[in-house]
Amino acid sequence: MKNIEVVAAIMKHDNKIFITRRSYGEFKDMWEFPGGKIEDGETQEEALIREIKEELELDIKISKYLTTIDYDYPNFHLTMHCFICDICGGELHLNAHNDAKWVNLDEVDNLRWIPADVLVIEKLKNM
């Protein structure tokens, strides 16, 4: 089975988290934490900073590592490294998503999530 390794940004502000809605592919219109694939030669942190800049045109500061999620989809295995981040610059532009918003953790259960990201939410709820 193909293995895909990605990074995800958990951007928090007060009691809210920043989420994005995918605008393409198999998971179109489902909510997720923004991020993307690690390229050859990149650290996880470098990949996350690059991906957020490419997808959202935001600058982030990584505060701390949160968790690594392993999830088996029908066609591939996903390893997702998640980091708590702060937005420190840039202006939001949705280059790979069709929506983005800040939500409270008590609102997330009412949204349609990409399956692996549900495991991240459970981790956040138990913090």
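Since the model is a prediction, treat every value here as computed from it, not as a measurement.

### Focus on the UniProt feature "binding site: Mg(2+)" (unreviewed entry) in the chain
Under the UniProt annotation, "binding site: Mg(2+)" (unreviewed entry) lies at Gly35 and Glu55. A compact arrangement is adopted by the annotated residues: their sequence extent is 21 residues, whereas the largest C-alpha distance between any two is 7.8 Å. Checked against the lining of the largest pocket, the annotated residues reduce to Gly35 and Glu55. Take Gly35: it is sitting in strand E4 (residues 35-37). Other than its neighbours up to four places away in sequence, Gly35 contacts Val7, Ala8, Leu48, Glu51, Ile52 and Glu55. Inspection of the secondary structure assignment puts Glu55 in helix H1 (residues 44-56). Setting aside its immediate chain neighbours within four residues, Glu55 contacts Pro34, Gly35, His93, Leu94, Asn95, Ala96 and His97.

### Some points on the UniProt feature "domain: Nudix hydrolase" (unreviewed entry) in the chain
Mapped onto this numbering, the UniProt entry annotates "domain: Nudix hydrolase" (unreviewed entry) at residues 1-127. With 19% helix and 49% strand, the stretch residues 1-127 has end C-alpha atoms that lie 32 Å from each other.

### Quick look at the nonpolar core
The nonpolar side chains of a soluble globular protein tend to be buried, and buried together. Counting 26 residues, the largest nonpolar core has Ile10, Ile17, Phe33, Leu78, Met80, Val120 and Leu124 as the members making the most contacts within it. Elements with a contribution of two residues or more to this core: strand E1 (2-13), strand E2 (16-22), strand E5 (58-72), strand E6 (76-90) and helix H2 (115-125). Of all the elements, E6 adds the most residues to this core, at five residues. Non-local contacts of Ile17, meaning those with residues more than four positions away in its chain, are made with Ile10, Met11, Lys12, Phe33, Lys101, Trp102, Val103, Leu105, Val108 and Leu124. Among the nonpolar cores identified, the runner-up in size contains 13 residues, and Leu48, Ile52, Phe83 and Ala100 belong to it.

### Comments concerning the layout of surface pockets
Here the largest pocket is characterised by a volume of approximately 450 Å³. Those elements that place two or more of their residues in the lining of the largest pocket are E1, E4, H1, E6 and H2. The dominant element in the lining of the largest pocket, judged by the number of residues it contributes, is E1, at four residues.

### With respect to the side chain of Asp117
Among the structural elements, Asp117 can be located in helix H2. Sequence-distant contacts of Asp117, that is, excluding residues within four places in its chain, are made with Glu32, Phe33 and Met80.

### Some remarks on the packing of aromatic side chains
Tallied over the entire structure, the rule returns six aromatic pairs. Where Phe27 meets Tyr73, the ring centres are 5.3 Å apart and the plane angle is 55°; that geometry is what we call tilted. Separated by 46 residues along the polypeptide, Phe27 in the loop between E2 and strand E3 (31-32) and Tyr73 in the loop between E5 and E6 bring together distant segments of the chain. A centroid spacing of 5.7 Å and a plane angle of 75° characterise the contact between Tyr65 and Phe83, whose relative ring orientation is edge-to-face. Of this pair, Tyr65 sits in strand E5 while Phe83 sits in strand E6, and the two are 18 residues apart along the sequence. Classification of Tyr65 by relative accessible area gives partly exposed; the value is 45%. On the basis of relative accessibility, which here comes to 3%, the residue Phe83 falls in the buried class.

Rules of the game
- Residues numbered from 1 in each chain as written.
- Predicted model: local features only at pLDDT ≥ 70, side-chain atom pairs only at ≥ 80, totals over all residues.
- Heavy atoms only, no water.
- UniProt positions renumbered as here; feature names shortened; annotations may be inferred.
- 1 Å grid on protein atoms, 1.4 Å probe; cavity = no way out; pocket = protein on both sides within 12 Å on 5 of 7 lines; lining within 4 Å.
- Helix = DSSP H or I, 4+ residues; strand = E, 2+ residues; numbered from the N terminus.
- Contact = heavy atoms within 4.5 Å.
- Core = buried A, V, L, I, M, F, W, Y, C linked by side-chain atoms within 4.5 Å.
- Buried < 20%, exposed > 50% of the residue type's maximum accessible area, 1.4 Å probe, protein only.
- Points joined across faces, edges and corners; volume = space filled by probe spheres on them.
- Phe/Tyr/Trp six-rings, centres within 6.5 Å; stacked < 30°, edge-to-face > 60°.

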